[in-house]
Amino acid sequence: MYKILLCLRYLKTRYIALACIISVTLGVMTMIVVNAVMAGFSSEMRERIHGILADVVVESTSVDGMPNAEQQMKVIEEAVGEHIEGMTATVEIYGMMSFQYAGQYITRPVTLIGIKPEGKAKVGPLVDYLDSYRAIRKDGVVVREPMRSLDEPPGWNLTEAAKQYRARWKAQARWHFEQMNGKPQNHGTPIESPKHPFEEQPVELPDLNTFQPDDSEEATAENKTGQFPLNAPGIPVDNFQPIEEMERKDNAARPEIKEATRTKQDEEFSAEELAGDPSEFSESDLARELEEDPLMQFSQPEPATLEDLDGPLDHRFYVGAGLIQYQYEDPHTGEVKTMQMVKPGDDIAISTVATGRPPEPVHFNGTVVDVFQSGMSEYDANLIFCNLEQLQQARGMIDPQTGQGAITAVQIKLRNYEHAEEVVKRLRAAFPPGLISVRTWEQKQGPLLSAVEIERAILNVLLFLIITVAGFGILAIFYMIVVEKTRDIGILKALGASSRGVMAIFLSYGLALGIVGAGTGLVGGLLFVKYINQIEAGLTWLTGRKVFDETIYYFPEIPTHVEPWTVTWVAVGAMAIAVLASILPARRAAQFRPVEALRFDQ
Amino acid sequence: MSSTTSPQETISSPSQYALDNGVTSRLRNDNSQEAEFVKMTDPQVSTIALEKAYRKGQHKVPVLHGVNMSVQAGEFLSIVGQSGSGKSTLLHLMGLLDTPDVGEILFEGQRIDNLSTRTRDTLRNRVFGFIFQFYHLLPEMSVLENVLSPLMIRHGILEYWRRRRELQKQAKDMIAKVGLGHRLRHKPSELSGGEMQRAAIARALVAHPQVLLADEPTGNLDSRTGGEIIDLLNCLNEQQQLTIVMVTHDDLIAQRAHRTVRLDSGLIQPLDDAA
Ligand SMILES: Nc1ncnc2c1ncn2[C@@H]1O[C@H](COP(=O)(O)OP(=O)(O)OP(=O)(O)O)[C@@H](O)[C@H]1O
Ligand SMILES: [Mg+2]
């Protein structure tokens, strides 16, 4: 009884013990918060990394791929059919994307993935990442409803809005072209910057006006010559002259090139290239290509009717959001906004490499059907999904004899991911070694995943060191208290208290500190985790700087995940450290002989 | 050595613990001429040839040189001696707060100084009540809690909790007896020296010890307060037949005891003026 009483009294009267409690509290709190955030990040990351990757991927090690998709899939089916929930053939190849924006050509390296959308949707979440299936929210309010319902299978059709947008900019472009050449033209439009009507992109103009004064001055000067009808019906041109003029200049600068690009020859060339055996690539082909202006490659075959002209091109793309948009801070409001440079309905140009030896470059234009955003910047700033057949054709992967297309990878979704190891083993045995690599998504993204794990482990070690530091603090403070209480220990012993009893006082004192510290740390940590986003907002407001910049992390808010086990371990560990730290002082206290202790400060 | 151990016989008070045992016979052999006295009065606590020296590195400070002394049950013995003569040391040895270098301490004829630590803890708690020269109250606890502490130590948590009312009443009665009934909740730092001494006495007595060891209970008090304390001790001695061993400088106070011995140069010297 006296043990508890004294222990409580010492707790109450020694304010220095508060320091111990606070250090334990802080240690526990940090560990819980950091672990929750790290776990949140890591599970979110895993989800995102997994995102578009199928469970198991069978890949060809060469860019030429493996012939005959059907046959490959049959082999897979035979080997591990019972574990497979779905699979789809894909072609994966690196390439280059270019488009024109604000009078400039923008070129990005990309990874092109030819897919069949229905097949891809079966092996992983695809629809979830497509812009047209999602509502757009701003500050929690839906500003745009989803444009397609989730029941609609993913495909290569434009949404109504995209069609309208496409028709509008096509008409505009034609009109400009006619204005420049003074006569109606009905050939294909060269790749050109998408027109962004002012109402939809209000931020674009100030940028241009403020940052490109020379251009706009010139533009207005040109405008004064009076050739530009300000109120052409159906064309939203108000306040839009700078861009329009710039583009006009751009077009005007090389009308001959544009003319030259529209050649039958080119059409034949690409057709021939696609159909023919790449190994038969002749000298004359090369020579002809060298003569031609590179811009020629961005031209399209002449459409027969206006309807065709406005319709989407044969190649269709889902473009990663990171490739075509950027975020910026509004200079006036400080708000982070997203600028989308290419929208569904726009055309982009792709360059990649065809199969065959030596590999030659191929170019084709296509229409953006949708914007793809998985939240994983690695993917979003890298991937373009393309319709499989068109990509196979462009790269010459279709066997002229059988009509079967070659593929570079088969993505497999498993019924139960636990069997992944076995599936991988069996598939490796089923295919000839060397040419094919079979990996799970985790193995494919191994370095990234293990980086996250290692980061977390190291952080935990460091944080546990912090708690150990708190433990040494307890040790020092306890020693002080024991020394201070030596006389009391002597009194207690003189009154008949046993050494074990005295030791118990200090051990339970340590335990009490641990419990109180770990308890408050636990509650504090969990509350912190719960309100972390509010706290972040508060800190942002206080410091005026964004603490958690969602433009960097792609997370709308800080992800957290509280693992009960981790929390328990942290709390128990902290208590154990507090008790361990009190053992030494407690033993010392117990070892005093009564008289020694009584005479201590006399 | 045998010549110096004479004064045990001067007073014989009624003893409930009349035991004939090895101790008395050994003493009888040592001091053959006093054998009959020893035989007729069986001591409650006795020390045999106690030696104690403090060591400080190379230095050895001998304090006791072979103290033979015994106290009868119900006796009020006072020990006088110069400062530094080793009175406190002797009392600590008797109360099992320290261990002698040589010699034995007997309680009711049984050797107790070489018992296990746990048994000695229990003896301290149940048999001896100690009043310290410097009060030694626990500063974090109130008077009541201080007085309760021997009882809390004696009983386990559960038992204490079950009997807390009874025990608290016991403690309160004892505090009332020493005249501190109105200061139950005060901390020692809020009390005067005399009040602290009374609280210490209450603590020493609350567990109904058989022997009270008092180390200068009046040392820091004025003569009147000191007198009150001695009255209290006298009263306890008479009413409850409590054995009291009291250390003091003050000859006047020493005279209130039944018997006085002098500790000098590490030995017990006979006192002519013993009451
Ligand atoms: N721990 C110790 N180490 C060394 N010497 C000690 C120790 N304790 C006591 N002494 C010495 O032993 C001697 C006896 O001390 P003790 O306290 O028993 O004297 P005392 O008779 O009680 O004196 P007082 O009347 O002043 O209380 C003293 O000379 C003291 O210096
Ligand atoms: Mg003394």
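Colleague: Describe the overall build of chain A, with residues and values.
Modeller: Within chain A, the regular secondary structure consists of 24 helices and 13 strands. Per-residue burial over chain A gives 50% buried out of 602 residues. Contacts in chain A between residues far apart in sequence, at least 24 positions, make up 77% of those at least 6 positions apart. Total accessible area computed for chain A in this model is approximately 28,800 Å², and 58% of it derives from carbon and sulfur atoms.

Colleague: Outline the overall build of chain B, supporting the account with residue identities and numerical values.
Modeller: When helices and strands are counted, chain B shows 10 helices and 10 strands. When the 275 residues of chain B are sorted by exposure, 57% land in the buried category. For chain B, restricting intrachain contacts to residue pairs at least 6 apart in sequence, the fraction spanning at least 24 positions comes to 72%. Accessible area of chain B: about 11,900 Å², with a carbon and sulfur share of 49%.

Colleague: Give me the lowdown on the coordination of the magnesium ion (ligand 2), citing residues and values where you can.
Modeller: Residue and element names in this part refer to chain B. Here the magnesium ion (ligand 2) is held by the protein donor atoms S88 (OG) and Q133 (OE1), which lie 1.8 to 2.6 Å from it. Of the two residues, S88 is situated in helix α3 (residues 87-94) and Q133 in the loop between β6 (128-131) and α5 (143-154); the sequence distance between them amounts to 45 residues. When its relative accessible area of 14% is taken as the criterion, S88 is described as buried.

Colleague: Explain the pattern of salt bridges residue by residue, including any values.
Modeller: Taken as a whole and assessed by the stated rule, the structure comprises 21 salt bridges over all chains. Taking the shortest distance from any N to any O, the salt bridge between D98 of chain B and R593 of chain A comes out at 2.8 Å. Taken as a pair, D98 of chain B in the loop between α3 and β4 (102-107) and R593 of chain A in the loop between α23 (564-591) and α24 (594-598) lie in two separate chains rather than in one. R163 of chain B is the salt-bridge partner of E166 of chain B, the closest N and O atoms lying 2.9 Å from each other. Each of R593 of chain A together with K52, D98 and D101 of chain B takes part in salt bridges that share partners, so that together they form one network.

Colleague: Before we move on, could you go through α5 of chain B and cite the residues and values that matter?
Modeller: Across the 12 residues that make up α5 of chain B, a large majority, 11, are buried. Inspection of α5 of chain B places V143, L144, E145, N146, V147, L148, S149, P150, L151, M152 and I153 of chain B among the buried residues, and these make up the whole buried set.

Colleague: Requested: an account of empty space enclosed by the protein, with residues and values cited.
Modeller: Residues and elements named next belong to chain B. One pass over the full model with this rule turns up nine cavities of 30 Å³ or more. Of the pockets and cavities examined, the largest cavity occupies roughly 90 Å³. For the lining of the largest cavity, the secondary-structure elements that each account for two or more residues are α4 (117-126), β6 and α8 (193-206). Among the elements that line the lining of the largest cavity, the one with the most residues is β6, at three residues. A per-class count over the lining of the largest cavity returns seven nonpolar, three polar and two charged.

Colleague: Break down the site of ligand 1 for me, citing the residues and quoting the values.
Modeller: Close to ligand 1 lie 14 residues, the nearest being S83, G84, K87, S88 and T89 of chain B. Ligand 1 sits at a junction of chains, with neighbouring residues supplied by chains A and B. One nitrogen or oxygen atom from the side chain of S83 of chain B is found 2.5 Å from an oxygen atom belonging to ligand 1. In this structure, an oxygen atom belonging to ligand 1 sits 3.2 Å away from a side-chain N or O atom of Q133 of chain B. When isolated, ligand 1 has an accessible area of 630 Å², and the protein chains bury 70% of it. By residue class, the composition of the shell around ligand 1 is two nonpolar, nine polar and three charged.

Colleague: Which residues make up the sheet that holds strand β9 (residues 259-264) of chain B, and what values go with them?
Modeller: All names here are of chain B. Strand order in this open sheet of six strands is β6-β7-β8-β3-β9-β10, and the pairing throughout is mixed. If you trace the sheet from one side to the other, it starts and ends with β6 and β10 (267-269), each paired once. Each strand of the sheet is rotated relative to its neighbour by a mean of 25 degrees, with strand direction disregarded. As defined by bridge partners, strand β3 (residues 76-81) adjoins strand β8 (residues 243-247) across four bridges and the pair is classed as parallel.

Colleague: Describe unusual backbone geometry, listing the residues and the values that go with them.
Modeller: Residues and elements named next belong to chain B. Residue H208 is not a glycine yet carries a positive backbone phi of 50 degrees. You can see H208 is positioned in the loop between α8 and β7 (211-215). Judged by relative accessible area, which is 53%, H208 ranks as exposed. Although it is not a glycine, Q241 adopts a positive phi angle of roughly 55 degrees. The topology assignment puts Q241 in the loop between α9 (223-240) and β8.

Here is what the cut-offs are and how they apply
The numbers attached to residues start from 1 for each chain and follow its sequence in the written order. As they are written, the chains are lettered A onward and the ligands numbered 1 onward, keeping that order. Under the rules for a predicted model, residues below a pLDDT of 70 receive no local features and side-chain atom pairs below 80 are neither given nor counted, while totals for whole chains, interfaces and linings still include all residues. By convention in this description, side-chain values take in all heavy atoms of the structure and omit both hydrogens and water. For the purposes of this entry, the term helix denotes a DSSP run of H or I that reaches at least four residues, the term strand denotes a run of E that reaches at least two, and both are numbered from the N terminus. Think of it in three bands: residues with accessible area under 20% of the maximum for their type are buried, residues over 50% are exposed, and the middle band is partly exposed, with areas taken using a 1.4 Å probe on protein chains only. By the convention used here, residues are in contact when the closest approach between their heavy atoms is within 4.5 Å. Working definition of accessibility: Shrake-Rupley area with a 1.4 Å probe, residue cover restricted to the visible protein chains. For Na, K and Ca the donor cut-off is 3.2 Å, while for other metals it is 2.8 Å, and in both cases only N, O and S atoms qualify; water is not among them, so sites may look incomplete. Take a side-chain nitrogen of Lys or Arg and a carboxyl oxygen of Asp or Glu: if they are within 4 Å of each other, that pair is a salt bridge. Cavities and pockets are found on a 1 Å grid laid over the protein atoms alone: a cavity is a set of points where a 1.4 Å probe fits but cannot escape, a pocket is an open set with protein on both sides within 12 Å along at least five of seven lines, and a lining residue has an atom within 4 Å of such a point. Grid points are joined across faces, edges and corners, and a volume is the space filled by probe spheres set on the points. In the scheme used here, Gly and all other residues not listed as nonpolar or charged are polar, with Ala, Val, Leu, Ile, Met, Phe, Trp, Tyr, Cys and Pro taken as nonpolar and Asp, Glu, Lys and Arg as charged. Only heavy atoms are used to decide nearness, and a residue is near a molecule or strand if one of them lies within 4 Å of it. In protein, a polar contact means a hydrogen-donor-capable atom and an acceptor-capable atom, both N or O and within 3.5 Å, with residues adjacent in sequence counting only if both atoms are side-chain atoms; elsewhere, any N or O pair within 3.5 Å suffices. A pair of strands counts as paired when DSSP detects no fewer than two bridges linking them. Only the stretch in contact is used when a helix axis is fitted, and all axes are lines through C-alpha atoms; the angle between N-to-C directions ranges over 0 to 180 degrees.

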